[in-house]
Amino acid sequence: MQARLTELNENEILLYLGYRGQEYPAELKEQIARCEKEVLAVSSPRLIWRRLSVDDANFSALDLEGKDIRELLEGCREAVLMAVTLGQGIDRLLARNSVSNMADAVIMDACASTAIENVADNFEMDLRRELEAENLYVTDRFSPGYGDLPLSTQRKLCAVLDAGRKIGLSLSPSMLMIPGKSVTAVLGISEKPKPLRKRGCESCSLFRSCMYRKEGKSCHEK
C-alpha cells in the first residue's frame with residue numbers, strides 16, 4: 001500500500017480552527033482554500049507499516065501498557081503497526097509563515113493536521129479492504145499518548161518500524177515527532193468484527209447547516 005493524500009474535509013479544518021457549526025466570513029473561506037493549496041503543494045506523504053503476530057518478538061518488544069490497548073487487542077491474533085508523515089516541507093512552510101504571516105500559519109497548521117489524518121484514514125480504509133479478502137477485521141487505530149497508552153511507546157514503535165530510515169520520521173527527547181505532522185498507531189486484526197468508535201458530526205458534509213446541530217441534537221436522535 002502507498003500513502004494516499006486525497007481531498008481535505010473542510011469541516012475538519014474548521015474544527016481545528018475552533019468553529020463548531022457557526023457561520024464564518026467568505027474571506028476566511030478564500031484564505032483556507034489558498035492555505036490548503038500551499039500545504040498540499042509541499043506535502044510528501046510517506047507510509048511504513050508492518051503486520052505482526054501478537055506473539056512475534058518484535059511486537060512483544062513494544063511492551064504495550066495500559067487497559068485501553070489491551071481492550072483494543074482483545075481477541076486479536078495479529079496487529080498492524082503504522083507510521084505516516086507529510087514530510088519536512090510542511091515544517092518549513094509553517095516555520096516560515098509563523099514569522100511572516102501568523103494568520104496564514106494558523107490556518108496552514110489546521111490544513112496540515114487535517115491532511116495527516118487524511119493519510120492515516122486512507123491507510124486504514126485500504127487495510128480494511130485488503131483484509132476483507134481474508135475474512136478478517138480491523139480495529140480502530142490507537143496511538144501512543146491516547147488513553148493510558150504511554151507516549152514513551154512511540155520510540156519503541158518507531159524502532160520496530162525502522163521509521164527513521166524508511167520514511168525519515170524521528171523523535172525528539174520529549175517524544176515529539178519530527179516531522180511534526182506525523183502519526184503512529186497500532187491496529188488489531190481479528191476474526192470477528194469489533195465495535196468501532198463513532199465518527200463525529202464534523203465529518204458530515206452538512207456540518208454547518210444541520211438543523212439538528214442548531215438544536216443541540218444529532219441526526220441519530222431524530
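Look a little higher up for the structure.
Below is a short write-up of the structure.

Turning next to the sheet that holds strand β1 (residues 46–53). Taking strand neighbours across the sheet as the criterion, the 4 strands line up as β1-β2-β6-β3 in an open arrangement whose pairing is antiparallel. Strands at the two margins of the open sheet, each flanked by one partner only, are β1 and β3 (137–138). Sitting on the sheet, helix α7 (residues 153–161) touches β1, β2 (78–85) and β6 (182–190), and the angle it makes with β2 is about 95 degrees.

Scanning the entire structure with this criterion turns up 16 salt bridges. D63 is paired through a salt bridge with K156; the nearest N and O atoms lie 3.9 Å apart. Of this pair, D63 sits in the loop between α3 (57–60) and α4 (67–73) while K156 sits in helix α7, placing them 93 residues apart in sequence. For D63, a relative accessible area of 44% puts it in the partly exposed group. Between E124 and R141 there is a salt bridge whose closest N-O contact spans 2.6 Å. In this pair, E124 sits in helix α6 (residues 102–132) while R141 sits in the loop between β3 and α7, placing the two residues 17 residues apart along the sequence. Of the two residues, E124 and R141, neither departs from the other in class, the shared state being buried. Several salt bridges share partner residues, and in doing so they unite E117, D121, E124, R128 and R141 into one network.

What counts and what doesn't
- Residues numbered from 1 in each chain as written.
- Predicted model: local features only at pLDDT ≥ 70, side-chain atom pairs only at ≥ 80, totals over all residues.
- Heavy atoms only, no water.
- Pairing = 2+ DSSP bridges.
- Helix = DSSP H or I, 4+ residues; strand = E, 2+ residues; numbered from the N terminus.
- Contact = heavy atoms within 4.5 Å.
- Axes fitted to C-alpha atoms, helices over the stretch in contact; angles between N-to-C directions.
- Salt bridge = Lys/Arg side-chain N within 4 Å of Asp/Glu carboxyl O.
- Buried < 20%, exposed > 50% of the residue type's maximum accessible area, 1.4 Å probe, protein only.

Such coordinate-based values are descriptive only and should not be taken to indicate function.
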